[in-house]
Amino acid sequence: MITLYGYWRSTAACRVRIALNYKQISYSQASVHLLKDGGEHHTPEYKTLNPQSLVPTLLDDGFAIGQSMAILEYLEEKYPETSLLPSDMESRAKIRQLCQLITCDVHPLNNLRVLQYLSEKVEINDEQKQDWYHHWLRTGFKAYVALLKQAGGKGELVSNGEYSSGKELSMADVCLIPQIYNATRFNFPMEEFPELMAINNNCLKLEYFQNAMPENQPDAE
Ligand SMILES: N[C@@H](CCC(=O)N[C@@H](CS)C(=O)NCC(=O)O)C(=O)O
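Calculation rules
Residues numbered from 1 in each chain as written. Predicted model: local features only at pLDDT ≥ 70, side-chain atom pairs only at ≥ 80, totals over all residues. Heavy atoms only, no water. Domains from an automatic or database assignment. Contact = heavy atoms within 4.5 Å. Buried area = accessible area lost by both parts, 1.4 Å probe. Polar contact = N/O pair within 3.5 Å; in protein donor to acceptor, adjacent residues only side chain to side chain. Helix = DSSP H or I, 4+ residues; strand = E, 2+ residues; numbered from the N terminus. Nonpolar A, V, L, I, M, F, W, Y, C, P; charged D, E, K, R; others polar. Phe/Tyr/Trp six-rings, centres within 6.5 Å; stacked < 30°, edge-to-face > 60°. Buried < 20%, exposed > 50% of the residue type's maximum accessible area, 1.4 Å probe, protein only. Expected span 1.5 Å × (residues − 1).

### What about the domain arrangement of the protein chain?
(1) Moving on: Structurally, the protein chain comprises domain 1 (2-82) and domain 2 (89-209).
(2) Moving on: Contacts between the two partners involve 16 residues from domain 1, matched on the other side by 17 residues from domain 2.
(3) Moving on: Contact with domain 2 buries area across many residues of domain 1, yet Thr11, Arg15 and Ile18 alone supply 35% of it, more than any other trio.
(4) Moving on: In this structure, the connection of domain 1 to domain 2 is made through 3 residue pairs in polar contact (both at pLDDT 80 or more).
(5) Moving on: Sort the elements by how many residues they give to the side of domain 1 that touches domain 2 and helix H1 (residues 11-22) lands first, with 7 residues.
(6) Moving on: Residue composition of the side of domain 1 that touches domain 2, grouped by class: 9 nonpolar, 3 polar and 4 charged.

### A few points about the packing of aromatic side chains
(1) Moving on: Inspection of every chain in the model, using the stated rule, returns 10 aromatic pairs.
(2) Moving on: Relative to Trp8, the ring of Tyr7 has its centre 6.2 Å away and its plane inclined at 65 degrees; by these criteria the two rings are edge-to-face. Accessibility classification places Tyr7 together with Trp8 in one group, the buried group.
(3) Moving on: Measuring from ring centre to ring centre gives 6.0 Å for Phe141 and Phe188, while their planes differ by 70 degrees; the resulting arrangement is edge-to-face.

### Overview of helix H6 (residues 126-152)
(1) Moving on: Here H6 is 27 residues long and its end C-alpha atoms lie 39 Å apart, about the 39 Å a rise of 1.5 Å per residue gives.
(2) Moving on: Those residues of H6 lying buried are Tyr133, His134, Leu137, Gly140, Phe141, Tyr144, Val145, Leu147 and Leu148.
(3) Moving on: Residues of H6 that are buried in the fold lie against helix H4 (89-106), helix H5 (112-120), helix H7 (171-185) and helix H8 (194-203).
(4) Moving on: Of the residues flanking the end of H6, it is Gly153, one or two places downstream, whose phi is positive at about 80 degrees.

Written as structure tokens, this is what we have:
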């Protein structure tokens, strides 16, 4: 039995929900409220599952694993039939490059604990916090689009740009779409990135993306 410990608004948990839905794996959810009482992810009980005090954590028959990318790769190996990675090695490496661009270089800079630290310890105001947030998103999204164009050659998007890797849905989309959701929530002008919005709109037509979105979670407020 699989339990996903997450939070409705968590970008990283959203990645895992999309993958679980896409692979049609049945799972239940345990909500870890990131704001209530200073954050339920800091409780000793949760820390036994995830010593980093971050969501998500996947619990699969007593096996606990954190870090959304590690979880995605675990699910990929355990349930390879409905794959989120292309069949050839170079394309797989490129997809992982896109995933890591978002998950290692954009998301961590804009994470709750980083923003809280900037407000509380560095004492920046809300406007400066938004500038910070938007700066790192813009930097990451620009590079993401440049990579998509490189993949297509001649400055065109790969294939018709339906998804990040062209015609096939992949792990890159699983990472991109929750980040766009988050960007929109924090008033980032996504119209600067029409290529990414086109991918976003295509993905959100799919039930497994829709069902994974924050507002459709049982703990949504
Ligand atoms: N690299 C981690 C990031 C996990 C992460 O930052 N999760 C956020 C929610 S999206 C969290 O738990 N934040 C709590 C905090 O910042 O205090 C992953 O991909 O799982």
